[in-house]
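One letter stands for each residue in the lines below.
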Amino acid sequence: MDKLNPENSPVPGLPYFIPTHSVSPGTVKEISARTPTIFHPLKIRGVTLRNRICVSPMCHYSCAPTGPQTGVMTPLYFTTVGHYAYEGAALVMLEATGVCSTGRISVNCPGLYNDAQQNGLKQVADFIHAQGGLIGVQLSHAGRKSSTQAPWVALRAGKSSARADIIHGGWPKDVVGPSGGQDLAWDGKTDDDPTGGYWAPRAMSRAEIKTLVVDFAEAAKRAVTAGADVIEVYASHGYLFHQFMSPLTNHRTDEYGGSFENRTRIIVETIQAIRATIPDTMPLFVRISTTDWMEGTETAAQTGSWDLESTVRFAKLLPDLGVDVLDVSSGGNQHQAVHTLFDAGQEHARFAATIRKELRLSGQNLLIGTVGEITNSKQARDLLQDNSGLAPADIISVGRQFLRDPGWVLRVASDLGVDAAWPIQIARPQIINEKTRAIL
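Just so we're clear, the structure is a prediction, and the values are computed from it rather than from any experiment.

A. Quick peek at the environment of Ala-89. Take Ala-89: it is sitting in the loop between helix H2 (81–86) and strand E4 (91–98). A C-alpha to C-alpha distance of 21 Å links Ala-89 and Thr-281, two positions 192 residues apart in sequence.

B. Main features of the pairing of strand E12 (residues 395–398). Where burial is concerned, the two faces of E12 agree: the one with Ile-395 and Ser-397 and the one with Ile-396 and Val-398 are both buried. Inspection of the sheet shows strand E3 (residues 53–55) paired to E12 by 3 bridges, in the parallel sense. What sits directly across from Ile-53, in E12, is Ile-396.

C. Just the pairing of strand E9 (residues 284–289), in detail. Counted residue by residue, E9 has 6 buried out of 6 residues, so it is predominantly covered. Side chains Leu-284, Val-286 and Ile-288 project from E9 onto one buried face, and the interleaved Phe-285, Arg-287 and Ser-289 project onto a second face that is buried too. Two strands pair when backbone bridges link them, and strand E8 (residues 230–235) and E9 are joined in this way by 5 bridges, in the parallel orientation. By the bridge assignment for E9, Glu-232 is matched with Phe-285. Where E9 meets strand E10 (residues 325–329), 5 bridges bridge the pair, whose relative direction is parallel. Bridging from a neighbouring strand, Arg-287 pairs with Asp-327 of E10.

D. Up close: the pattern of salt bridges. Counted according to the given criterion, the structure contains 18 salt bridges. Close ionic contact of Arg-45 with Asp-324 constitutes a salt bridge, the shortest N to O distance being 2.8 Å. Linking Arg-45 in the loop between strand E1 (42–44) and strand E2 (47–49) with Asp-324 in the loop between helix H11 (318–321) and E10, this pair joins segments that are 279 residues apart in sequence. Judged by relative accessible area, Arg-45 falls into the partly exposed class, the value being 33%. Residue classification places Asp-324 among the buried positions, given a relative accessible area of 14%. Between Asp-394 and Arg-356 there is a salt bridge, with the nearest N and O atoms lying 2.5 Å from each other.

Conventions used here
Residues numbered from 1 in each chain as written. Predicted model: local features only at pLDDT ≥ 70, side-chain atom pairs only at ≥ 80, totals over all residues. Heavy atoms only, no water. Helix = DSSP H or I, 4+ residues; strand = E, 2+ residues; numbered from the N terminus. Buried < 20%, exposed > 50% of the residue type's maximum accessible area, 1.4 Å probe, protein only. Pairing = 2+ DSSP bridges. Salt bridge = Lys/Arg side-chain N within 4 Å of Asp/Glu carboxyl O.

Next comes the structure, spelled out in structure tokens:
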């Protein structure tokens, strides 16, 4: 506190001035029986979300691709994810963050495997904490969808994806998956096809799998040191763990392939390693693709696929592993799927409700999050309103709507008639308007 001017005290510990908010933005000033669940705080282990609205991980593709700043988050993150926290989002989840250099989706994606990257994350975390928000890190390995270029590079070439070769900072010979071969490139195109956007993977060895589990644990340790509040394991959207879990992409015959237990082994081992590394007070999330969206296809009839039944079975493993939240999404593992990860969002609430019901029937406690095409206030409210005990989810994650409206949390509060705190710097015009209306 500033003893000379306590009404304008700076947030301590920062090398720059940020005034302390009198009430954390997005926090309801007074909880009542009429306050919708979406604006109730939620305690998960040692952290408390000020409301139930989280920012979904969204790739920026804006880190340096080569040199000492490779994979290091830049001040751009202050103006994007930092702003969402500034205007009231409870938890900002950072995008897929590679646990090793060859685990990043693109050459421009962030990583968390060296000190420079850890220091960059710390600066972002400090800024978000100064806004009263929480920051999560989505730890990831992209598997066969790695070593690509930023999407606008592909779009300029008239493609949906563009491979990153060594000249771009890529790692074409170290694109890996549970299984390998030219027929397993994500888009089905071989490396010598110039229209292809992904490299064909090679199969990971057992030794590489063991090393990867350690990489995840080490990245989690760095996240803790940098000040992250939440860790999320990325097991969806066709990236490496999803590739292992789905028989569409896992053709192994060792202890990491074949049966459900074997195909989920790598993620179970990773969760165990992370939970043993991070503090007991830190929440652990897992994001999953509920289905490959390949049910009823000839391909799935031959190999099987990952589906809702598989997800329910997997979800029942998580409470005993120390996972706190299952974040429900879908798709991304097969280019011929009925839905992509961008157009299936309205189905996710149904999946979330089914998973939540099955967990309750088995007597297990696991918080459920849902994401996808959440765009308006009443829709968001109803996904969480638990008066009957049948709400699909406990928290929501929102992506594209925040891109359209960075102050969406405050808009939802206004639409629902909730008196939520604004950031102190922009609250003054609101207060003046309210007082003017009262006088008139």
